[in-house]
Amino acid sequence: MIRKLLSGDLPNSRILTTLLLLVLLGLLLTPFIFPGTRAMNVAAKICVFIVLAASYDLLLGYTGIVSFAHTMFFGIGAYGVGIAMSRFEPGWLPLLLGVLAAMLTALVLALLLGLLSLRVRTIFFAMMSLALASFFVILASQFSDYTGGEDGLTFKLPELLSPGTQFLDEPWLGVDWNGKTLAYYIVFCGSAALFLLCLRVVNSPFGRVLQAIRENDFRVAAIGFNPVTYRTVGNCLAALLACLAGALYAIWLRYVGPDTVLSFDIMIDVLLIVVIGGMGSMYGAAIGAAIFVIAQNYLQDGMKLLHGGLEGVPVVANFFHPDRWLLWLGVLFVLSVYFLPTGIVGKLRQRRK
């Protein structure tokens, strides 16, 4: 049953299996074992970024395509929800229509981008995707009547997802069961379903062709497969998955803005997650996203405690000042690349072999 659910792609490592179970159970039980708004925000972001990193790995790790437009599709999904919910009365039908309109927009853009630039060298595709993503950021900032401009959009969701909606009069198992809790589990279940879909795609015959194109596209063309067609379809699938991840993120935040869903910093974060977890492995996206988002949110707190304990050693304490948390995050990334060039998942699977 589990083998079928994972599309035959088992972790094949006890340590990796343990890590994946910890991530799964941690996200599933976050409202119970990590009470508080901050912990749920971190957990929801991990869920969303697992899907976003997995969809990007479908391009980079499995097909060998470098794209800088992934956050654009992520932003399209988020803005689709935001614009629909801010223009119409909050309800399930406008929410659904917003998601469908965002998916259609993402599909058309991904198809045009693929057909126009994937016929030549992939570096041209990277530059085209960067130009398109930059143009979309400007577009979102300038069309303030629809997108809210630099301020973004704050919107309401259906009443069932409102924090003021109480399902139980008293907390059950220490959890206040309200619309916010329901929204979290919608994000969790949606992310889990999309991640399993990613596993299914990469372990299908279509996914095998993508991996073959990554290794040698000339041989793939020689045996009768059109690399441009497969790359374009792969790009469209990745765009749709990123779009749905953006929609889930907007549902959780109830806000969209250029800095939140279109920033190039998100693209850098996704690249770091894929590299840390391991390219060419969906499980790498899950492990990498969990480690990166937790470090991004709690490393500064840990350094604050360490800095307080080292106040008697001024020179050393300055190195661990909380304001330097980005420096140490960069150091951790450099060390992970140096000692784990194939990522955490790649290293664990090599050790197993």
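Summarised in this report is the structure supplied together with it. Small disclaimer: the values here were computed from a predicted structure and weren't measured.

1. Remarks on the overall build of the chain
Line of reasoning, step 1. Summing up its helical and strand segments, the chain has 18 helices and 2 strands in all.
Line of reasoning, step 2. Taken over the C-alpha trace, the chain has a radius of gyration of 21 Å; the compact-globule value for 353 residues is 20 Å, and the two agree within 12%.
Line of reasoning, step 3. Considering only C-alpha atoms, the chain reaches an extent of 65 × 55 × 45 Å along its principal axes.
Line of reasoning, step 4. A burial count over the chain gives 50% of its 353 residues as buried.
Line of reasoning, step 5. In the chain, once contacts between residues fewer than 6 apart in sequence are set aside, the share between residues at least 24 apart is 73%.
Line of reasoning, step 6. As displayed, the chain has an accessible area near 17,800 Å², and 68% of this comes from carbon and sulfur atoms.
Line of reasoning, step 7. Distance from the positive charge centre (23 side chains) to the negative charge centre (18 side chains) of the chain: 17 Å.

2. Quick notes on a negative patch on the surface
Line of reasoning, step 1. A cluster of like negative charges, contributed by Glu150, Asp151, Asp259 and Asp265, occupies part of the molecular surface.
Line of reasoning, step 2. Among the structural elements, Asp151 can be located in the loop between α8 (144-147) and β1 (153-154).
Line of reasoning, step 3. Judged by its relative accessible area of 65%, Asp151 is exposed.

3. Remarks on the nonpolar core
Among soluble globular proteins, nonpolar side chains are generally buried collectively.
Line of reasoning, step 1. Residues Leu27, Phe49, Phe73, Val81 and Tyr184 are the most contacted members of the largest nonpolar core, which totals 103 residues.
Line of reasoning, step 2. Counting residues per element, this core draws most heavily on helix α4 (residues 37-63), at 18 residues.
Line of reasoning, step 3. Not counting chain neighbours up to four residues away, the residues in contact with Phe73 comprise Ala106, Leu109, Ala110, Ala239, Ala242 and Cys243.

4. Some points on unusual backbone geometry
Line of reasoning, step 1. Located in the positive-phi region is Arg254, a residue other than glycine, with phi close to 55 degrees.
Line of reasoning, step 2. Within the fold, Arg254 resides in the loop between α12 (227-253) and β2 (255-256).

5. Quick notes on the layout of surface pockets
Line of reasoning, step 1. Of the voids in this model, the largest pocket is the one considered here, and its volume is about 620 Å³.
Line of reasoning, step 2. In terms of residue class, the lining of the largest pocket is made up of 19 nonpolar, 3 polar and no charged.

6. A closer look at the state of the cysteines
Line of reasoning, step 1. In the structure shown here, the tally under the stated rule is 0 disulfides.
Line of reasoning, step 2. With no disulfide of its own, Cys243 lies 12 Å from the sulfur of Cys236, the closest cysteine sulfur.

7. Considerations on the environment of Lys156
Line of reasoning, step 1. Tracing the backbone through its elements, the reader meets Lys156 in the loop between β1 and α9 (179-202).
Line of reasoning, step 2. What makes Lys156 exposed here is its relative accessible area of 62%.
Line of reasoning, step 3. Taking the C-alpha atoms as reference points, Lys156 and Cys189, 33 residues apart in sequence, are found 21 Å from one another.
Line of reasoning, step 4. Excluding residues within four positions of it along the chain, Lys156 makes contact with Met85 and Pro90.

8. Notes on the pattern of salt bridges
Line of reasoning, step 1. For the coordinates displayed, the defined rule picks out 2 salt bridges.
Line of reasoning, step 2. A salt bridge links Glu215 to Arg214; the shortest N-O distance between them is 3.0 Å.
Line of reasoning, step 3. Accessibility expressed as a relative area gives 32% for Arg214, which makes it partly exposed.
Line of reasoning, step 4. Of the charged contacts, one joins Arg231 and Asp217 as a salt bridge, the two residues approaching to 3.2 Å between their closest N and O atoms. Of this pair, Arg231 sits in helix α12 while Asp217 sits in helix α11 (residues 217-222), and the two are 14 residues apart along the sequence.

9. Observations concerning the packing of aromatic side chains
The relation between two aromatic rings is expressed through the spacing of the ring centres and the mutual angle of the planes.
Line of reasoning, step 1. Applying the stated rule across the entire model yields 13 aromatic pairs.
Line of reasoning, step 2. On the basis of an interplanar angle of 40 degrees and a centroid distance of 6.2 Å, the ring pair of Phe68 and Phe264 is categorised as tilted. Taken as a pair, Phe68 in the loop between α4 and α5 (70-87) and Phe264 in helix α14 (residues 264-277) lie far apart in primary sequence, 196 residues in all.
Line of reasoning, step 3. An aromatic cluster is present here, built from Phe32, Trp177, Tyr184, Tyr185, Phe188 and Trp252 joined pairwise through their rings.
Line of reasoning, step 4. Positioned above the aromatic ring of Trp252, the side-chain terminus of Lys180 is 4.1 Å from the ring centre.

10. A short note on the packing of helix α2 (residues 14-28) against α9
Line of reasoning, step 1. Close contact between α2 and α9 brings their axes to 10 Å; oriented N to C, the two are set at 155 degrees. Of the possible angle classes, the one that applies to α2 and α9 is roughly antiparallel. Between α2 and α9, the contacting residues are Leu24, Leu27 and Leu28 on the first element and Tyr184, Tyr185 and Phe188 on the second.
Line of reasoning, step 2. Of the residues belonging to the contact of α2 with α9, the class tally is 6 nonpolar, no polar and no charged.

11. Here we look at the environment of Thr17
Line of reasoning, step 1. In this structure, Thr17 sits in helix α2.
Line of reasoning, step 2. Given the relative accessible area of 32%, Thr17 is considered partly exposed.
Line of reasoning, step 3. With 266 residues separating them in the primary sequence, Thr17 and Tyr283 have C-alpha atoms 9.6 Å apart.

Basis of the calculations
- Residues numbered from 1 in each chain as written.
- Predicted model: local features only at pLDDT ≥ 70, side-chain atom pairs only at ≥ 80, totals over all residues.
- Heavy atoms only, no water.
- Helix = DSSP H or I, 4+ residues; strand = E, 2+ residues; numbered from the N terminus.
- Rg over C-alpha atoms; globule rule 2.2 N^0.38 Å.
- Buried < 20%, exposed > 50% of the residue type's maximum accessible area, 1.4 Å probe, protein only.
- Contact = heavy atoms within 4.5 Å.
- Areas by Shrake-Rupley, 256 points an atom, 1.4 Å probe, with all protein chains shown as cover.
- Lys, Arg positive; Asp, Glu negative; His and termini not counted.
- Charge placed at Lys NZ, Arg CZ, Asp CG, Glu CD.
- Patch = residues over 30% accessible without salt bridge, like charges linked within 9 Å, V, L, I, M, F, W, Y side chains within 5 Å.
- Salt bridge = Lys/Arg side-chain N within 4 Å of Asp/Glu carboxyl O.
- Core = buried A, V, L, I, M, F, W, Y, C linked by side-chain atoms within 4.5 Å.
- 1 Å grid on protein atoms, 1.4 Å probe; cavity = no way out; pocket = protein on both sides within 12 Å on 5 of 7 lines; lining within 4 Å.
- Points joined across faces, edges and corners; volume = space filled by probe spheres on them.
- Nonpolar A, V, L, I, M, F, W, Y, C, P; charged D, E, K, R; others polar.
- Disulfide = S-S within 2.5 Å.
- Phe/Tyr/Trp six-rings, centres within 6.5 Å; stacked < 30°, edge-to-face > 60°.
- Lys NZ or Arg CZ within 6 Å of the ring centre and 35° of its normal.
- Axes fitted to C-alpha atoms, helices over the stretch in contact; angles between N-to-C directions.
- Parallel < 35°, antiparallel > 145°, perpendicular 65-115°, else oblique.

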